Amino acid sequence: MDPQDIAARLAVPVEEVARVQRLAGDRPSAPLPGKAGAPALLDRLAVRPDDAAEIMAGWPDAGSPLWTPELRWLLDRSVALVRADLGGYGWLAPGPELPRDRGPAWRHLYVYAYLSLVEEVRAYHRAHGIADEVSWATLADLGRNLAVDRRMNREGWPVMQAWLTLHARGGLYELGRLQHQRGAGAIDLHIPDAGPLTPESIDASLDEARAFFPRHFPDERYTSFACGSWLLDPQLRDYLPAESNIIRFQRRFELEPYEEPEGLDADVEVRRFVFRTLSTPLDQLPRGTVLQRAVIDHLKAGGHWRWRRGRFPI
């Protein structure tokens, strides 16, 4: 299919279609799991019933009027693109952001791509001796992200669709409270929306990672844990108690010199994670927690949050 025609039909930039075509090339895709077993798989991936119902309603059945040739092309090439980088751990967008108000096929195309890759990445896990318990805990981040996207009135998915390719390629593992991303000499830490960030839960997760990576990736050498997040912004110390979980988490890290991250607005990211909305006016945001009040008061005073990166030795 012609990239110009596909882009016009999908209402996306032609550069995005060309990128998918270039990265996927003629590499093989992977089939969707059988529809009959899909409800059980979605349940295993912690997908809520309301999201699961939408996914099933938009299923890419043969002959479905919901699935135009350009949508089928994008699904096939997106799966091929991600599958070609199995074992990778860099940021990878699976395709262009789609107009998701056009129905379940458009809204969940990259969910179907993720489902197509579940058995591929589980085979990769098995080849590295990784237990099923870790595999399913990691892959179940799909349901968590769909639930967050629903809470955000569909504002969250453009970031999440790229984020989830880490799971689908074997680049990231959920070990207790934290998610651990393979990298170049450092294990990057990510903090899922999964309860309090207590020092005890952090310690347990770090200890698990210290054993996990040498066992399952013996050819990779890691010397530090690293994290890039607004949670490491020292300005939070002006608002939060010294013994709060966030400040105690900060104290683990030695910060790198600050650099403005390209293409990332820390104010937007704080609002995404603290309030799960990007469009609610500042005056209408909830002030129920110390952190919520800190974020609002800082922005109202004309301040800006910063995305900081730090590390500490393994």
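This text gives an overview of the structure that appears in the document. (Residues numbered from 1 in each chain as written. Predicted model: local features only at pLDDT ≥ 70, side-chain atom pairs only at ≥ 80, totals over all residues. Heavy atoms only, no water.)

**Section: the overall build of the protein chain**
Secondary structure summary: the protein chain contains 14 helices and 6 strands in total. For 314 residues, the compact-globule estimate of 2.2 N^0.38 gives 20 Å, and the protein chain sits close to it at 20 Å. Each principal axis of the C-alpha distribution contributes one length, and for the protein chain these read about 60 × 50 × 35 Å. Per-residue burial over the protein chain gives 51% buried out of 314 residues. Relative to all contacts within the protein chain whose residues are 6 or more apart in sequence, the contacts with residues 24 or more apart total 70%. Within the structure as shown, the protein chain displays about 14300 Å² of accessible surface, and the carbon and sulfur contribution to it stands at 52%. (Helix = DSSP H or I, 4+ residues; strand = E, 2+ residues; numbered from the N terminus. Rg over C-alpha atoms; globule rule 2.2 N^0.38 Å. Buried < 20%, exposed > 50% of the residue type's maximum accessible area, 1.4 Å probe, protein only. Contact = heavy atoms within 4.5 Å. Areas by Shrake-Rupley, 256 points an atom, 1.4 Å probe, with all protein chains shown as cover.)

**Describing the nonpolar core**
Residues Leu 45, Ile 55, Leu 115 and Leu 142 are the most contacted members of the largest nonpolar core, which totals 48 residues. Considering every element that reaches this core, the biggest residue donor is helix α7 (residues 109-127), with 10 residues. Counting residues in hydrophobic clusters, the runner-up holds 22 residues, among them Val 134, Leu 178, Phe 212 and Phe 217. (Core = buried A, V, L, I, M, F, W, Y, C linked by side-chain atoms within 4.5 Å.)

**A word on the pattern of salt bridges**
Summed over all chains, the structure comprises 29 salt bridges. Residues Arg 122 and Glu 119 are paired through a salt bridge, measuring 3.2 Å at the closest nitrogen-oxygen approach. Here the residue Arg 122 and the residue Glu 119 both occupy positions in helix α7, the gap between them amounting to 3 residues, near one helical turn. Owing to a relative accessible area of 10%, Arg 122 belongs among the buried residues under this scheme. Here Glu 220 makes a salt bridge to Arg 182, at a shortest N to O gap of 2.6 Å. Within this pair, whereas Glu 220 is found in the loop between α11 (199-216) and β4 (224-229), its partner Arg 182 is found in the loop between β2 (178-181) and β3 (186-190), the two being separated by 38 residues in sequence. For Glu 220, a relative accessible area of 26% translates into the label partly exposed. Connected through shared salt-bridge partners, Arg 48, Asp 50, Asp 51, Glu 54, Arg 100, Arg 107, Asp 149, Arg 150 and Arg 154 make up one network. (Salt bridge = Lys/Arg side-chain N within 4 Å of Asp/Glu carboxyl O.)

**Some remarks on unusual backbone geometry**
In the Ramachandran plot, Ala 46 falls in the positive-phi region, its phi being about 60 degrees despite a non-glycine side chain. Inspection of the secondary structure puts Ala 46 in the loop between α3 (38-44) and α4 (49-57). For Ala 46, a relative accessible area of 40% puts it in the partly exposed group. For Arg 276, which is not glycine, the phi dihedral falls at a positive 55 degrees. When you line up the elements, Arg 276 lands in the loop between α13 (266-275) and α14 (290-300).

**Observations concerning helix α9 (residues 141-151)**
Where burial is concerned, most of α9 is hidden: 8 out of the 11 residues are buried. Three or more residues of α9 are buried, namely Asp 141, Leu 142, Gly 143, Asn 145, Leu 146, Ala 147, Val 148 and Asp 149. Phi turns positive, to about 55 degrees, at Asn 153, one or two residues after α9.

**Side note on the sheet that holds strand β6 (residues 308-313)**
Taking strand neighbours across the sheet as the criterion, the 6 strands line up as β1-β2-β3-β4-β6-β5 in an open arrangement whose pairing is mixed. Every interior strand has two partners, whereas the edge strands, β1 (172-175) and β5 (254-255), have only one. Strand direction decides the pairing type here: β4 and β6, joined by 6 bridges, are antiparallel. Across the sheet, the residue bridging to Ser 224 is Pro 313, located in β6. (Pairing = 2+ DSSP bridges.)

**Quick look at the packing of aromatic side chains**
Going through the model one piece at a time under the given rule, you end up with 12 aromatic pairs. Between Tyr 173 and Phe 212, the ring centres sit 5.2 Å apart and the planes meet at 50 degrees, which makes this aromatic pair tilted. Taken together, the residues Tyr 173 in strand β1 and Phe 212 in helix α11 connect sequence positions 39 residues apart. The burial state of Tyr 173 is the same as that of Phe 212; both residues are buried. Taking 6.4 Å as the distance between ring centres and 75 degrees as the angle between the ring planes, the aromatic pair formed by Tyr 173 and Phe 213 counts as edge-to-face. With Tyr 173 in strand β1 and Phe 213 in helix α11, this pair connects stretches of sequence that are 40 residues apart. Relative accessible area serves as the criterion here: at 0%, Tyr 173 is assigned to the buried category. Assessed through its relative accessible area of 1%, Phe 213 is described here as buried. (Phe/Tyr/Trp six-rings, centres within 6.5 Å; stacked < 30°, edge-to-face > 60°.)

**Considering the packing of helix α5 (residues 69-83) against α7**
One way to put it is that α5 packs onto α7 with a least axis distance of 9 Å and a crossing angle of 40 degrees. As summarised for this structure, α5 and α7 are arranged oblique, according to the angle between their axes. Regarding α5 and α7, the two cross each other, and that crossing is right-handed. Contacts from Leu 71, Leu 74, Leu 75, Ser 78, Val 79, Val 82 and Arg 83 in α5 reach Leu 109, Tyr 110, Tyr 112, Ala 113, Ser 116, Leu 117 and Glu 120 in α7. In terms of residue class, the contact of α5 with α7 is built from 10 nonpolar, 2 polar and 2 charged. (Axes fitted to C-alpha atoms, helices over the stretch in contact; angles between N-to-C directions. Parallel < 35°, antiparallel > 145°, perpendicular 65-115°, else oblique. Left-handed = near helix turned anticlockwise from the far one by under 90°. Nonpolar A, V, L, I, M, F, W, Y, C, P; charged D, E, K, R; others polar.)

All quantities given are derived from atomic positions and should not be read as evidence of function.
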